[in-house]
Amino acid sequence: MTQYLPPNLLALFAPRDPIPYLPPVDKLTWEKRTDGYSGVSYLMSRFEDPKDTPPPTRVETREERLERKRREKAEQMQYKLEQEIALWDPHNNEAGTADPYKSLFVSRINYDTSESKLRREFEIYGPIKKIVMIHNVKTGKPRGYAFIEYEHERDMHSDLPCWLVCSRDL
């Protein structure tokens, strides 16, 4: 049957070279005589004196470092918030409304909507005093909502159609 195998497979079944003969060793390891174990006492003079050894330095673990950084960041944010609260004066806020009962909150506004388009759509219900569109502080892009302050409170309470207030197509 093996005569039909190709030569590359026959090479796998070829016998290996015989193991070379090595003469036996004189003595086995447990029969050899040793001088015994020597201590390290002759090296003791090379060690430093324990009194001169500096105290070990404490290495901060990863968890401790992360906790410390989180705590420092929280302290910085708390300090920054306290500074902003101390400087904030709600009576001198230009974007704020004078009378909240005359203000209308409009949400889900398309990001491409301008203030003039909002004015045109909502002026049909009454004269508008001010429109404040909210923008992202960092990027300056609109956030999708605005506050419309009317001159009279009755104009804000007029029957605004729901599709106008809720539409994303303004």
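Conventions used here
- Residues numbered from 1 in each chain as written.
- Predicted model: local features only at pLDDT ≥ 70, side-chain atom pairs only at ≥ 80, totals over all residues.
- Heavy atoms only, no water.
- Pairing = 2+ DSSP bridges.
- Helix = DSSP H or I, 4+ residues; strand = E, 2+ residues; numbered from the N terminus.
- Buried < 20%, exposed > 50% of the residue type's maximum accessible area, 1.4 Å probe, protein only.
- Contact = heavy atoms within 4.5 Å.
- Phe/Tyr/Trp six-rings, centres within 6.5 Å; stacked < 30°, edge-to-face > 60°.

K.L.:
Would you mind going over the pairing of strand β3 (residues 142–150) in detail, with residue names and values included?
P.N.:
Where strand β1 (residues 103–106) meets β3, four bridges bridge the pair, whose relative direction is antiparallel. Residue pairing for β3: Phe 105 is matched across the bridge by Phe 147. Sheet analysis places strand β2 (residues 128–135) next to β3, joined by six bridges and oriented antiparallel. Looking at β3, one finds that Ile 128 is bridged to Tyr 150. Between β2 and β3, which pair antiparallel in sequence order, lie six residues; one of them, Gly 140, sits at a positive phi of approximately 80°.

K.L.:
Give me the lowdown on the side chain of Glu 149, citing residues and values where you can.
P.N.:
Among the secondary structure elements, Glu 149 is positioned in strand β3. Its relative accessible area of 2% is what places Glu 149 among the buried residues. The residues contacting Glu 149, other than those within four sequence positions of it, are Thr 97, Ala 98, Asp 99, Lys 102, Ser 103, Ile 128, Lys 129 and Lys 130.

K.L.:
For the packing of aromatic side chains, give the residues involved together with the corresponding values.
P.N.:
With the rule as written, the count across this model stands at three aromatic pairs. Ring geometry for Phe 105 versus Phe 147: centroids 5.3 Å apart, planes at 50°, classification tilted. A residue pair is termed long-range when its members are at least 10 positions apart, and Phe 105 in strand β1 and Phe 147 in strand β3 qualify at 42 residues. Owing to a relative accessible area of 43%, Phe 105 belongs among the partly exposed residues under this scheme. On the accessibility criterion, Phe 147 (31% relative accessible area) is partly exposed. Both rings, one in Tyr 145 and one in Phe 147, keep their centres 6.3 Å apart while their planes meet at 85°; by these two values the pair is edge-to-face. Each residue in the set Phe 105, Tyr 145 and Phe 147 is aromatic and connected to the rest through ring pairs, giving one cluster.

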